[in-house]
Amino acid sequence: MEIYKTVQSLQKFVQKQKDDGLTVGFVPTMGALHEGHLSLIRLSQATCDRTICSIFVNPTQFDDPSDLEKYPRPVERDIAMLESENCHALFLPSVKEVYPDSLEATESYDFGFLEKPMEGAHRTGHFDGVAQVVNRLLEIVQATHLFMGQKDYQQFKIIDRLIELTQRPVQLVRCPIIREEDGLAMSSRNVRLNPEARAKAVHISQTLRKIKAGFGHKSIIELKKWGFEQLEQVDGMSVDYFEIVDADTLQNIDDVSESQQVIACVAVRVGGIRLIDNMLLKVH
Ligand code: PAF
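First, a word on scope: everything that follows refers to the structure included in this document. (Residues numbered from 1 in each chain as written. Predicted model: local features only at pLDDT ≥ 70, side-chain atom pairs only at ≥ 80, totals over all residues. Heavy atoms only, no water.)

1. Here we look at the packing of helix α7 (residues 126-141) against helix α8 (residues 153-166)
Part 1 of the reasoning: Close contact between α7 and α8 brings their axes to 10 Å; oriented N to C, the two are set at 55 degrees. Taken together, α7 and α8 sit at an angle that is classed as oblique. α7 and α8 meet at a crossing whose hand is right-handed. Contacts between α7 and α8 involve Phe127, Val130, Ala131, Val134, Asn135 and Leu138 from the first element and Gln154, Gln155, Ile158, Ile159, Leu162, Ile163 and Thr166 from the second.
Part 2 of the reasoning: Its residues assigned to classes, the contact of α7 with α8 comprises 9 nonpolar, 4 polar and no charged. (Axes fitted to C-alpha atoms, helices over the stretch in contact; angles between N-to-C directions. Helix = DSSP H or I, 4+ residues; strand = E, 2+ residues; numbered from the N terminus. Parallel < 35°, antiparallel > 145°, perpendicular 65-115°, else oblique. Left-handed = near helix turned anticlockwise from the far one by under 90°. Contact = heavy atoms within 4.5 Å. Nonpolar A, V, L, I, M, F, W, Y, C, P; charged D, E, K, R; others polar.)

Here it is as structure tokens:
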């Protein structure tokens, strides 16, 4: 695997692939890779001729400086994992390389309601930072395909809209959530859970599964209330939100017949770690 630390060297590599008529899949990450990331790499490998992964802990998407500081950075381990997947190239830039002038965003985007609820309401400025870095990375990498996980569902919707707004010629591919054996959605944050919090975290996916089983039998209001209470009553767990929304617009719905696609989204804090998860309840 080639490792590029500068924009110029990476762009030279990408240009060569494109000149050869090859498709280029891009998997942006913040490192601390796990099976979830590797599933994105594998999907890219299966879809595209070349796969580029980036590892960049983007400072502009953290609203909490201690979260940024504590973000795990096991780079050597990440490189070994990418090599074992035969990833073609890793982009490993410094902050200066990604933001040569300043961390201030030069563009701002109107994502409408998509950025308002859930993560948008609980993490001020988070999606501005995500949009800023993904736009910059797409500008640098010039990939033909972009692979992003359903785990960060609202982020996925924001990036989908970003691509539409900027009219970048890149195809966005949504990759399914990968779960631990007990159902916990894989996340780089899971390694920071102490054993007690890790045991409690299993309630998140269990609750989502039960909500899915109850979907269509109980009202949305009842399901939301039940889901919230189930998690809130786990000792030491606090719920930031438990929403059941239209999976396209992220708007609240009262009646399931109003929407073609419905999703349940949740964020909790347990043992000092914030975890998110979601489950599609209705797909068309
Ligand atoms: O989902 C992530 O890991 C990050 O938000 C992303 C898309 C790599 C941007 O920093």
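The discussion continues.
2. Describing the site of the ligand
Part 1 of the reasoning: Taken together, Pro28, Thr29, Met30, Asn58, Gln61, Val133, Met148 and Gln155 form the complete shell of residues around the ligand.
Part 2 of the reasoning: Separating an oxygen atom of the ligand from a side-chain N or O atom of Gln61 is a distance of 2.6 Å.
Part 3 of the reasoning: Side-chain polar atom of Gln155 to an oxygen atom of the ligand: 2.7 Å apart, as the coordinates give it.
Part 4 of the reasoning: About the coverage of the ligand: the protein hides 88% of its 290 Å² of free accessible area.
Part 5 of the reasoning: Taken together, the residues that form the shell around the ligand break down as 4 nonpolar, 4 polar and no charged. (Near = heavy atom within 4 Å. Polar contact = N/O pair within 3.5 Å; in protein donor to acceptor, adjacent residues only side chain to side chain. Areas by Shrake-Rupley, 256 points an atom, 1.4 Å probe, with all protein chains shown as cover.)

3. A few points about the pairing of strand β5 (residues 145-149)
Where a strand is regular, its side chains alternate between the two sheet faces.
Part 1 of the reasoning: When you tally the buried positions in β5, you get 4 out of 5 residues, the bulk of the element.
Part 2 of the reasoning: Bridging between strand β2 (residues 24-29) and β5 involves 2 bridges; their strand directions are parallel. Each residue of the ladder has a partner; that of Phe26, found in β5, is Leu146.
Part 3 of the reasoning: Here β5 runs beside strand β6 (residues 171-175); their pairing, made up of 5 bridges, is parallel. By the bridge assignment, Phe147 is partnered in β6 with Val173.
Part 4 of the reasoning: Handedness of the crossover joining β5 and β6 through α8: right-handed. (Buried < 20%, exposed > 50% of the residue type's maximum accessible area, 1.4 Å probe, protein only. Pairing = 2+ DSSP bridges. Right-handed = clockwise from strand over helix to strand, strands pointing away.)

4. Side note on the pairing of strand β8 (residues 262-270)
Part 1 of the reasoning: Extensive coverage of β8 is indicated by the burial of 8 of its 9 residues.
Part 2 of the reasoning: Note that strand β7 (residues 237-246) and β8 share 9 bridges and pair antiparallel. Considered in β8, the bridge of Val245 is made with Ile263.
Part 3 of the reasoning: Linking β8 back to strand β9 (residues 273-282) in an antiparallel pair, the connection comprises 2 residues, with Gly271 at a positive phi of about 55 degrees.

5. With respect to the layout of surface pockets
Part 1 of the reasoning: Reported here for the largest pocket is a volume of approximately 370 Å³.
Part 2 of the reasoning: In this structure, the largest pocket is lined by 17 residues; those nearest its centre are Glu104, Ala105, Thr106, Glu107 and Gln132.
Part 3 of the reasoning: Considering each element in turn, the lining of the largest pocket owes the most residues, 6 residues, to α7.
Part 4 of the reasoning: Tallied by class, residues from the lining of the largest pocket come to 6 nonpolar, 5 polar and 6 charged.
Part 5 of the reasoning: Considering the residues around the second largest pocket, the lining is formed by 13 residues, among which Asp64, Asp67, Arg189, Arg269 and Arg274 are closest to the centre.
Part 6 of the reasoning: Taken together, the residues of the lining of the second largest pocket sort by class into 1 nonpolar, 3 polar and 9 charged. (1 Å grid on protein atoms, 1.4 Å probe; cavity = no way out; pocket = protein on both sides within 12 Å on 5 of 7 lines; lining within 4 Å. Points joined across faces, edges and corners; volume = space filled by probe spheres on them.)

6. Some details on the packing of aromatic side chains
Part 1 of the reasoning: Scanning the entire structure with this criterion turns up 4 aromatic pairs.
Part 2 of the reasoning: Each ring, one from Tyr4 and one from Phe13, has its centre 5.4 Å from the other, and the planes form 35 degrees; the classification is tilted. For the pair Tyr4 and Phe13, a shared accessibility class is recorded, and that class is buried.
Part 3 of the reasoning: When the ring of Phe62 is compared with that of Tyr71, the centres are 5.6 Å apart and the planes differ by 75 degrees; the resulting orientation is edge-to-face.
Part 4 of the reasoning: Looking at Tyr71, the relative accessible area reads 9%, which means it is buried.
Part 5 of the reasoning: Across the ring face of Phe156, the terminal group of Arg174 is positioned such that the distance to the ring centre comes to 6.0 Å. (Phe/Tyr/Trp six-rings, centres within 6.5 Å; stacked < 30°, edge-to-face > 60°. Lys NZ or Arg CZ within 6 Å of the ring centre and 35° of its normal.)

7. Let's talk about the nonpolar core
Part 1 of the reasoning: Of all hydrophobic cores here, the largest spans 46 residues; its most connected members are Leu10, Phe26, Ile52, Val134, Leu146 and Ile159.
Part 2 of the reasoning: Top contributing element to this core by residue count: α7, with 9 residues.
Part 3 of the reasoning: Excluding anything up to four places from it in sequence, Leu146 contacts Phe26, Pro28, Val134, Leu138, Ile159, Ile163, Val170, Gln171, Leu172 and Val173.
Part 4 of the reasoning: Residues Leu208, Val262, Val266 and Met279 belong to the second largest nonpolar core, which totals 26 residues. (Core = buried A, V, L, I, M, F, W, Y, C linked by side-chain atoms within 4.5 Å.)

8. What about the sheet that holds β5?
Part 1 of the reasoning: An order of β1-β4-β3-β2-β5-β6 is seen for the 6 strands of this open sheet, with the pairing classed as parallel. Two strands in the sheet have a free side with no partner beyond their single neighbour: β1 (2-4) and β6. Going across the sheet, the axis of each strand differs from the next one's by a mean of 25 degrees, ignoring polarity.
Part 2 of the reasoning: Direction of pairing for β1 relative to strand β4 (residues 89-91): parallel, over a ladder of 3 bridges. Looking at β4, one finds that Glu2 is bridged to Ala89.
Part 3 of the reasoning: Sheet contacts for helix α2 (residues 35-47): β2, β3 (50-55), β5 and β6; angle to β5, the most-contacted strand, approximately 150 degrees.
Part 4 of the reasoning: Contacts from α7 reach β2, β3, β4 and β5, with the element oriented near 145 degrees to β2.

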